[in-house]
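This is what each chain is made of:
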Amino acid sequence: MAVMAMTATVLIAALLLAQILRARQRASTAGDLAALAGASALVGGEEPCLAAGRVVEAHGLSLQSCAALEDDSVQVRVETPWRGPSLWWPVGSVTAVSRAGPSP
């Protein structure tokens, strides 16, 4: 009986960790793409944060912050919610920061 309880606990922890890692990867990928879109827009004379926001919105995430920096790069902070393997798990969020711009 104790072995079954221990196995269940380990499996639940593994599922929770997998959900968090998946959310982190999703936020990181969307952030990278948004930063690249923003940097491309900045080079083209457009508003970088609008371009970044469109990319993040297309991925179903939220853009927490966006800034065009002095070195002509763009930095974005993207947030995505995550939920555990069932509805009774708490909901959290994962944040990723990405930056893109011309090489020095």
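Described below are features of the structure shown in this document. (Residues numbered from 1 in each chain as written. Predicted model: local features only at pLDDT ≥ 70, side-chain atom pairs only at ≥ 80, totals over all residues. Heavy atoms only, no water.)

Structural notes on the state of the cysteines
Reasoning step 1: As enumerated under the stated definition, the model contains one disulfide in all.
Reasoning step 2: A sulfur-sulfur separation of 2.2 Å characterises the disulfide bridge that pairs Cys49 with Cys66. Here the S-S torsion is close to -90°, and the disulfide linking Cys49 with Cys66 is therefore left-handed. Highlighted residues: Cys49 in helix H2 (residues 48-58) and Cys66 in strand S1 (residues 62-68), separated in sequence by 17 residues. (Disulfide = S-S within 2.5 Å. Helix = DSSP H or I, 4+ residues; strand = E, 2+ residues; numbered from the N terminus.)

What about the nonpolar core?
Reasoning step 1: Ala30, Ala34, Ala35, Ala39, Ala52, Val55, Val56, Leu61, Val74, Val76, Val78 and Ala100 together form the largest nonpolar core, which totals twelve residues.
Reasoning step 2: Sorting the residues of this core by element identifies helix H1 (2-43), H2 and strand S2 (74-83) as the ones contributing at least two each.
Reasoning step 3: Per-element tally for this core: the top contributor is H1, with four residues. (Core = buried A, V, L, I, M, F, W, Y, C linked by side-chain atoms within 4.5 Å. Buried < 20%, exposed > 50% of the residue type's maximum accessible area, 1.4 Å probe, protein only.)

A short note on the packing of H1 against H2
Reasoning step 1: The interhelical angle for the contact between H1 and H2, taken along N-to-C directions, is 150°, at an axis separation of 7 Å. Our classification of the angle between H1 and H2 gives roughly antiparallel. Where H1 crosses over H2, the two elements pack in a sense that is right-handed. Residue-level contacts link Ala30, Leu33, Ala34, Ala37, Gly38, Ala41 and Leu42 of H1 to Pro48, Ala51, Ala52, Val55 and Val56 of H2.
Reasoning step 2: Of the residues contributing to the contact of H1 with H2, the split by class is eleven nonpolar, one polar and no charged. (Axes fitted to C-alpha atoms, helices over the stretch in contact; angles between N-to-C directions. Parallel < 35°, antiparallel > 145°, perpendicular 65-115°, else oblique. Left-handed = near helix turned anticlockwise from the far one by under 90°. Contact = heavy atoms within 4.5 Å. Nonpolar A, V, L, I, M, F, W, Y, C, P; charged D, E, K, R; others polar.)

Thoughts on H2
Reasoning step 1: Those residues of H2 not exposed but buried are Pro48, Ala51, Ala52, Gly53, Val55 and Val56.
Reasoning step 2: The inward-facing, buried residues of H2 abut H1, S1 and S2.
Reasoning step 3: Immediately beyond the C-terminal end of H2, within one or two residues, lies Gly60, with a positive phi of roughly 75°.

Comments concerning the sheet that holds S1
The pairing of strands in a sheet happens through backbone hydrogen bonds and is either parallel or antiparallel.
Reasoning step 1: Strand order across the open sheet formed by three strands is S1-S2-S3, with antiparallel pairing between neighbours. What marks the edges here is a single partner per strand, and that holds for S1 and strand S3 (91-100). Each neighbouring strand pair of the sheet contributes to a mean axis angle of 15°, computed without reference to strand direction.
Reasoning step 2: The sheet contact formed by S2 and S3 spans ten bridges and is antiparallel. Across the sheet, Gln75 pairs through a bridge with Arg99, a residue of S3.
Reasoning step 3: Sheet contacts for H1: S1, S2 and S3; angle to S2, the most-contacted strand, approximately 155°. (Pairing = 2+ DSSP bridges.)

Let's talk about the side chain of Ser73
Reasoning step 1: Checked against the element boundaries, Ser73 lands in the loop between S1 and S2.
Reasoning step 2: A distance of 2.5 Å separates a polar atom in the side chain of Ser73 from a polar atom in the side chain of Asp71.
Reasoning step 3: The residues contacting Ser73, other than those within four sequence positions of it, are Leu42, Ala67, Ala68, Arg99, Ala100, Gly101 and Pro102. (Polar contact = N/O pair within 3.5 Å; in protein donor to acceptor, adjacent residues only side chain to side chain.)

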